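Read off the chains here:
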Amino acid sequence: MTEPGATPGRRAGYRLLGRAFDYLLHMRPAEWPIMAAHTALGYCLAVGREGLASGAHLGPALAGLLLWVICLNGGTLALNSAFDDDEGDIAYLRAPPPPPRFLAGFGIGLMALGQLGSLVVGGAFALAYACCFVLSVLYSVPPVRLKAVAGADWIVNILGFGAVTPLAGWLATGVSLRAPELIAILAFGPLFGALYPLTQLYQLEEDRRRGDRTLAAALGARSSLAASIGAALLAFAVLGAGAAAMEWPPAERWRWMPLAAALLAWLVLLVPWYRRAEHLDSRSHERGMYLALGAWALTDIGVLAAWLG
């Protein structure tokens, strides 16, 4: 029941679940730690260092995280795969199996189940979940399929993954929003605007064959990377505004250093990539995308280090 050359993990999964394992693979669990960390960022900013030490609001935060990561995000990725019918590597899933027959219904059902669970977590969290549920369907499902509309695909991801995901982690706690932290959370919108084109560069030819006019397909590799650099600079300008609103005393100016290190990581990756863009193959672009995930993680860590000290 496994494909030739399948990894040991996949072979074990097929032995345990049979072809139902295809559904789990299309939820792309390799992305779950990244999504969980990004959602948890909002929780950490909401409760602060003392709240983390005491486990404040931990129960609803964990419930919200599981619903957001597994039901909403996993369901979204399954729904996306159902209509993409990819043959080559996709983000967080190498050599994807053919989409199972009921994958679209499975994805929507999983998101709907999470929507019901979100009502238990709280009204503000449930509203954020509902907004992203709608965006997910509009993004993936024809005839709207915003994924195939250059620019619209970018905006959906800036809003959903970038800004609303950490905001949902905060909203699950029930803690009132505060301006400096909210500004920091919103900065992750343009930061995902920097990351999103990078997830498409190694799929350019396949997207063009399918007729999907994604942002990267419309701009090409070099202009996509220029857009990524611009979005990253905007993100760190917004983070700087949030940091300034914290009014750290002179003795705590070191808090700016983790943000500066994260910005440097993005520029060290993106600027040389931009210069070589036209000479790189799909494998090189794919490696660059995974390196960008490291820069993303470093930014999450940098924000926590700066805000929580």
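Sequence order as written defines the numbering, with residues in each chain counted from 1. Local features are withheld for residues below a pLDDT of 70 in this predicted model, meaning they are given only at 70 or higher, and side-chain atom pairs are given and counted only at 80 or more; totals for whole chains, interfaces and linings count all residues. Just so you know, side-chain values use all the structure's heavy atoms and leave hydrogens and water out.

Please give an account of the overall build of the protein that cites residues and values.
Comment: elements are numbered from the N terminus, with helices defined as DSSP H or I runs of at least four residues and strands as E runs of at least two. A count of helical and extended segments in the protein gives 13 helices and zero strands. Starting at the N terminus and ending at the C terminus, the protein contains elements arranged as α-α-α-α-α-α-α-α-α-α-α-α-α. Oriented by its inertia axes, the alpha-carbon framework of the protein measures out at about 60 × 50 × 40 Å. Relative to its 309 residues, the protein shows a buried fraction of 52%. By definition in these notes, contact holds between two residues if any of their heavy atoms fall within 4.5 Å. Restricting to contacts in the protein with at least 6 residues of sequence separation, those with at least 24 account for 75%. For the exposure calls, accessible area comes from a 1.4 Å probe over protein chains only, and a residue counts as buried if that area is under 20% of its type's maximum, exposed if over 50%, partly exposed in between.

Could you give an account of unusual backbone geometry, naming the residues involved and the relevant values?
Here proline 142 and proline 143 are connected by a cis peptide whose omega angle stands at 5 degrees. Examined against the element boundaries, proline 143 turns out to sit in the loop between α6 (123–140) and α7 (152–171). Residue histidine 57 is not a glycine yet carries a positive backbone phi of 55 degrees. Locating histidine 57 in the fold gives a position in the loop between α3 (32–54) and α4 (58–84). Since its relative accessible area comes to 37%, histidine 57 is described here as partly exposed. Unlike most non-glycine residues, glutamate 247 shows phi in positive territory, near 55 degrees. On the accessibility criterion, glutamate 247 (67% relative accessible area) is exposed.

Tell me about the packing of α4 against helix α5 (residues 103–121), residues and numbers included.
To describe two helices that pack against each other, one gives the angle between their axes and the distance between the axes. Comment: axis = line fitted to C-alpha atoms, over the contacting stretch for helices; angle = value between 0 and 180 degrees taken between N-to-C directions. Across the interface, α4 lies against α5 with an axial gap of 8 Å and an inter-helix angle of 160 degrees. As summarised for this structure, α4 and α5 are arranged roughly antiparallel, according to the angle between their axes. Two packed elements cross with a definite hand, and for α4 against α5 that hand is left-handed. For this classification, the nonpolar set comprises Ala, Val, Leu, Ile, Met, Phe, Trp, Tyr, Cys and Pro, the charged set comprises Asp, Glu, Lys and Arg, and every other residue, Gly included, is treated as polar. Grouping the amino acids of the contact of α4 with α5 by side-chain chemistry returns 17 nonpolar, nine polar and no charged. Roughly parallel means an angle under 35 degrees; roughly antiparallel means over 145; roughly perpendicular covers 65 to 115; every other angle is labelled oblique. For any helix crossing, the convention is left-handed if the near helix is rotated counterclockwise from the far helix by under a right angle, and right-handed if that rotation is clockwise.

Now, about the packing of aromatic side chains: what can you tell me, with residues and values included?
Aromatic contacts are taken between Phe, Tyr and Trp rings whose centres are within 6.5 Å, Trp giving its six-membered ring; a plane angle under 30 degrees counts as stacked, one over 60 as edge-to-face, and the others as tilted. Inspection of every chain in the model, using the stated rule, returns eleven aromatic pairs. Ring centres of tyrosine 23 and phenylalanine 106 lie 5.2 Å apart, and the angle between their planes is 65 degrees; on these two criteria the pair is classed as edge-to-face. Highlighted residues: tyrosine 23 in helix α2 (residues 21–26) and phenylalanine 106 in helix α5, separated in sequence by 83 residues. With a relative accessible area of 18%, tyrosine 23 lands in the buried category. Residues tryptophan 248 and tryptophan 307 carry aromatic rings whose centres are separated by 5.6 Å and whose planes lie at 80 degrees to one another, so their mutual orientation is edge-to-face. Taken together, the positions of tryptophan 248 in the loop between α11 (221–246) and α12 (256–276) and tryptophan 307 in helix α13 (residues 282–308) put the pair 59 residues apart, joining distant regions of the chain. Note on tryptophan 248: relative accessible area 16%, which makes it buried. What links up through ring pairs into an aromatic cluster is the set Phe161, Phe188, Phe192, Tyr196 and Trp296.

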